[in-house]
Every structure is written in structure tokens, then in C-alpha cells.
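So the chains spell out like this:
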Amino acid sequence: MLWKKIVDFGFQLLYNQFAWSYDIVSWSVSLGEWRKWQLASLEFLHGPHVLEIAHGPGHMLAEMHQRGYTVTALDLSAAMGRLAQARLVRLGLDEEVQLLRCEIPDFPFPADHFDSVLSQFPTNFIFQPETLVALNRILKPGGRLVILPEGHLTGNGPLRRFIHWLFYITGQTVGNGQADPTQSQLEIFWGDVENMMEACGFSVDLEEVLLKRSVATVLVAEKRIGDS
């Protein structure tokens, strides 16, 4: 319990007072693969209107706009909002992308509004029933909720093992809290997630995107037709 409080406090600092260091930290813990994992998840969007949940420093906001999406985004962190806004201003996109700061159940969107919702490396809030119900409501029938819950390095060198250990002790791995979960443990974990999401009106697929030095896990949940 004490360790969890310490980890939670560390993430609180990273997303707020030390938000400026987020890019450095994410690059370091992934050996430069973080952005590749993010880009991999964009391939599962369909548009044109996309909402990004917990947008962070805003790298994907500019990328999605360049790909032709109409982008709206929200993040509870005021520091992340400032970083994202500054990036959009530098790129001349500050009037093209709408940024909001609000809780998910309170967001001001009508039903059947977005074609896709994107969330990359979210905390467990994304799998809470109240979150899933709210996201299902604002998606159009057939719309997609695309979640990038994790990426991991392949290979078995000492640096890769150390980074995997870091992800483990900070609770960023999936599958029953194990450093190296077995296939059966992963199946149970993702089975529970799938059941919860299906109960909230989604059909779910789990995709693994193989990259040169790593694998990105992408969960693609589609709002069932007639579940508005």
C-alpha cells in the first residue's frame, strides 16, 4: 500500500509539476519506442471526428490533424494542457484543435457525436464502467474506442529486463500484476476487460502490432449498432 502511494505520487508529479519531463521519461523507459507505439494505435482510428482522452503533451493531436482528422482533446492536467497548447501554437494549429479540461462523465458532448475516441497509456480509469458508459454514449453507432494500454520491448538483454522491471514495479504492466505474466494470466486479464466492455455496449478486439524492436498492444472496441 505504501509503495502504491509512492508510485501514485510520482505519477502525480510527472503529469503536473514535472510535466515538462514527460517526453524525456517516456523516451528513456521505452528506448525511443514510445512514439512508435503511439503512432501504431492511430492506424485503428476511423473518422473524421476524433476525441483524444488524456492527450498529454499533445504530440498525437498534431499528427491526427495532419492525417485529416477533426480533433478534440481533453486532459485533467493543467500542465499538460499548457504543453499541448504551446505545441499547437508553434505549429499554427491552436485554432484547429479544441482542448478541454474536464472529468469524463461531465464532458459537454451530445450523444452519437464522435467517430473515434483515442486513449494512449491511460490509467485504470479508462476501464471503469462509468467511463465506458460515458464514452459509448458520445460515440456514433459503429464508432471506435481505441486504447493503447501498453507497449513492450522485445529481446532479452539486461537493459530490456531492467526496463520491464521498471514497468512492473510502477504497475504499468498488464496481467495480474506479474512481471512476466503467463499466457493464461493474460487471457484471464483481457477476458475480464472484454466482458466489462461488452457489458457497456462494445464489441472488442485485441491487436498486437509488431515493430522492429517492440510490440504495441492496441485494444479496439466498437460501439454496437443500436446501443446508442
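Description of the structure in this document.

Criteria and cut-off values
Residues numbered from 1 in each chain as written. Predicted model: local features only at pLDDT ≥ 70, side-chain atom pairs only at ≥ 80, totals over all residues. Heavy atoms only, no water. Phe/Tyr/Trp six-rings, centres within 6.5 Å; stacked < 30°, edge-to-face > 60°. Buried < 20%, exposed > 50% of the residue type's maximum accessible area, 1.4 Å probe, protein only. Core = buried A, V, L, I, M, F, W, Y, C linked by side-chain atoms within 4.5 Å. Helix = DSSP H or I, 4+ residues; strand = E, 2+ residues; numbered from the N terminus. Contact = heavy atoms within 4.5 Å. Polar contact = N/O pair within 3.5 Å; in protein donor to acceptor, adjacent residues only side chain to side chain. Pairing = 2+ DSSP bridges. Axes fitted to C-alpha atoms, helices over the stretch in contact; angles between N-to-C directions.

## Examining the packing of aromatic side chains
Each pair of aromatic rings is reported with the distance of its centres and the angle of its planes. Throughout the structure, instances matching the rule amount to 5 aromatic pairs. Each ring, one from Phe 107 and one from Phe 109, has its centre 5.2 Å from the other, and the planes form 50°; the classification is tilted. On the basis of relative accessibility, which here comes to 8%, the residue Phe 109 falls in the buried class. Put simply, the rings of Trp 34, Trp 37 and Phe 121 pair up and form one aromatic cluster.

## A look at the nonpolar core
One broad rule of soluble globular proteins: the nonpolar side chains tend to lie buried together. Trp 37, Leu 45, Leu 61, Met 64 and Val 218 are the most contacted members of the largest nonpolar core, which has 27 residues in total. Put simply, the parts of the chain that give this core at least two residues each are helix 3 (34–42), helix 4 (59–66), strand 2 (70–74), helix 5 (78–90), strand 5 (139–153) and strand 7 (214–223). Once you skip the residues sitting within four places of it in the chain, Trp 37 turns out to touch Ser 30, Phe 121, Leu 148, Gly 151, His 152, Leu 153, Leu 211, Ser 214, Val 215 and Ala 216. Grouped together as the second largest cluster of nonpolar side chains are 26 residues, Phe 109, Phe 127, Ile 138 and Ala 221 included.

## Things to note about the side chain of Ser 214
On the secondary structure map, Ser 214 appears in strand 7. Given the relative accessible area of 0%, Ser 214 is considered buried. A distance of 2.8 Å separates the side chain of Ser 214 from the side chain of Trp 37, its partner in a polar contact. Excluding residues within four positions of it along the chain, Ser 214 makes contact with Glu 33, Trp 37, His 152, Leu 153, Thr 154 and Val 209.

## Quick look at the sheet that holds strand 3 (residues 98–100)
The strands making up a sheet associate through hydrogen bonds between their backbones, and the pairing can be parallel or antiparallel. Read from one edge to the other, the open sheet built from 7 strands follows the order 3-2-1-4-5-7-6, with strand pairing classed as mixed. Single-partner strands in this sheet number two, and they are strand 3 and strand 6 (202–210). Strand-to-strand twist of the sheet, defined as the mean angle between neighbouring strand axes without regard to direction, takes the value 20°. Pairing geometry for strand 1 (residues 49–53) and strand 4 (residues 114–120), over 4 bridges, is parallel. Considered in strand 4, the bridge of Leu 51 is made with Val 117. Across the sheet, helix 6 (residues 129–138) touches strand 1, strand 4, strand 5, strand 6 and strand 7, and the angle it forms with strand 5 is around 130°.

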